[in-house]
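# Structural features, examined
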Amino acid sequence: MKKHKRGTTTDQLMRTCDATHIAFDLDFTLCTYPLTTAQVIAETFARCSVDADAIGPVEDLAAEYDALWQELDLTAGSARELRLAIWSRLLTLRRRDESLAATIATVYAEVRRETGVLLFEGVADTLQTLRDRGYGLGLLTNGIPELQWEKIQSLDLERRLDAIVVAGDVGWFKPDVRAFVALLDRLRAHPAKTLFVGDSYTGDVVGAHHAGMPTAWISPGGAVCPGPVAPDYVLASAAEIGRILP
Ligand SMILES: [Mg+2]
């Protein structure tokens, strides 16, 4: 058997999936942001008349911002609280005036809200095709509920999908199996017949696998599988899903 990557074989790539339901992660699986974190920071600094050079390279700030977001978002009470905590920390680390944090956090939120999110190319048609073919469709997303619902509504996903679970609403976050069970209950679906599609190896692939679901890992850059739980399929985008269905 020819090995392509760790955990991915020719047989696995050729095998089609016999799922009756398909469930998706949201961020960087179905949708993305038109502006990068660095672009939002640059625009925020321009609107606040903050001298970006005095604070530090925007790309470095963006990398730290994203890392802190990943670290803190499951415990934050609100998006406003989280953005304020992140900017306070970033400014303190750079020995800058921490009182700027509230203004920067507010304007950052405005820029993100104005520019919104968009579905990846081909995803809208793919969801419609799957629905036309009779698949039950679901969504399970981590993150702060107010932000996730804002994105879900702006992308019209309540109309496009049969069941949506925002983990913060049910109190269990991916990769916790209970988050997946909450979605399966709402879909009235059997785990072995529900393909989970997501870009996070740990949150989506490992979590769904432990919930008894087959998995498709979205790996646009063709990254090597980083752990011992092999995804059943590897796709460059959610819009490619037709390739693994009968
Ligand atoms: Mg994701």
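Calculation rules
Residue numbers restart at each chain and count upward from 1, following the sequence in its written direction. Note on the predicted model: pLDDT of at least 70 is required for a residue's local features to be given, and 80 or more for side-chain atom pairs to be given and counted; whole-chain, interface and lining totals, by contrast, use all residues. Start and end points for every domain follow an automatic or database-based domain assignment. Contact between two residues is assigned whenever their backbone-derived C-beta positions fall within 7 Å. Charged residues are taken to be Asp, Glu, Lys and Arg, nonpolar residues to be Ala, Val, Leu, Ile, Met, Phe, Trp, Tyr, Cys and Pro, and polar residues to be all remaining types, Gly included. Strands here are runs of E lasting at least two residues and helices are runs of H or I lasting at least four, both read from the DSSP assignment and numbered beginning at the N terminus. In a helix, the anticipated span is given by 1.5 Å times the number of residues less one. Partly exposed residues are those falling between the two cut-offs: more than 12 but fewer than 20 other C-beta atoms within 10 Å of their own, whereas 20 or more means buried and 12 or fewer means exposed, with C-beta atoms placed from the backbone. Arc definition: it is the arc formed by the directions from the helix axis to the C-beta atoms. Two strands make a pair as long as DSSP finds a minimum of two bridges between them. When the strands point away from the viewer, a crossover counts as right-handed if the route from the first strand across the helix to the second turns clockwise. To obtain each axis, a line is fitted to C-alpha atoms, and for helices this fit is confined to the stretch in contact; angles are then taken between N-to-C directions over 0 to 180 degrees. In what follows, roughly perpendicular refers to angles from 65 to 115 degrees, roughly parallel to angles under 35, roughly antiparallel to angles over 145, and oblique to any angle outside these ranges. In this scheme the handedness of a crossing depends on how the near helix is turned from the far one: anticlockwise by less than a right angle means left-handed, clockwise means right-handed.

### Points about the domain arrangement of the chain
- Domain boundaries assigned for the chain yield domain 1 (3–33 + 118–244) and domain 2 (37–115).
- Here the C-alpha centre of domain 2 lies 29 Å away from the C-alpha centre of domain 1.
- Tallying the contact residues gives six residues for domain 1 and six residues for domain 2.
- Looking at the side of domain 1 that touches domain 2, its residues break down into three nonpolar, two polar and one charged.

### Quick look at helix H6 (residues 100–115)
- For H6, which comprises 16 residues, the first-to-last C-alpha distance of 23 Å matches the rise-based estimate of 22 Å (1.5 Å per residue) to within 8%.
- If you check which residues of H6 are buried, you get Ala101, Ile104, Ala105, Tyr108 and Arg112. End-on, the buried residues of H6 take up no more than an arc of 100 degrees, which puts them together on one face. Exposed side chains of H6 directed beyond 90 degrees from the buried face belong to Arg113 and Glu114.
- Contacts from the buried residues of H6 go to helix H2 (37–48) and helix H5 (79–93).

### Some remarks on the environment of Ala182
- One can find Ala182 in helix H11 (residues 177–187).
- Expressed as a C-alpha distance, the spacing of Ala182 and Val165, which sit 17 residues apart in the sequence, is 7.3 Å.
- Residues within four places of Ala182 in sequence aside, it is in contact with Val165, Val170 and Trp172.

### Here we look at the pairing of strand S3 (residues 21–24)
- Here S3 shows two buried faces, one formed by His21 and Ala23 and the other by Ile22 and Phe24.
- As paired strands, S3 and strand S6 (residues 136–141) are joined by four bridges and run parallel to one another. Within S6, the residue paired with His21 across the bridge is Gly136.
- Here S3 pairs with strand S8 (residues 194–198) via four bridges, running parallel.

### Let's talk about the pairing of S8
- By the criterion of burial, S8 is predominantly enclosed, with five of the five residues buried.
- Taking every second residue as pointing to the same face, both faces of S8 are buried, with Thr194, Phe196 and Gly198 on one and Leu195 and Val197 on the other.
- The pairing of S8 with strand S9 (residues 215–218) spans three bridges and is classified as parallel. Bridge pairing links Gly198 to Trp217 in S9.
- Of the crossover connections in this fold, the one passing from S8 over helix H12 (residues 201–210) to the parallel S9 is right-handed.

### Some details on the packing of H2 against H6
- Close contact between H2 and H6 brings their axes to 9 Å; oriented N to C, the two are set at 120 degrees. In this view, H2 runs oblique relative to H6, as classed from their interaxial angle. As H2 packs across H6, the resulting crossing turns out to be right-handed. For the pair H2 and H6, contact is made by Val40, Glu43, Thr44, Arg47 and Cys48 and by Thr103, Ile104, Val107, Tyr108, Val111 and Arg112, respectively.
- In terms of residue class, the contact of H2 with H6 is made up of six nonpolar, two polar and three charged.

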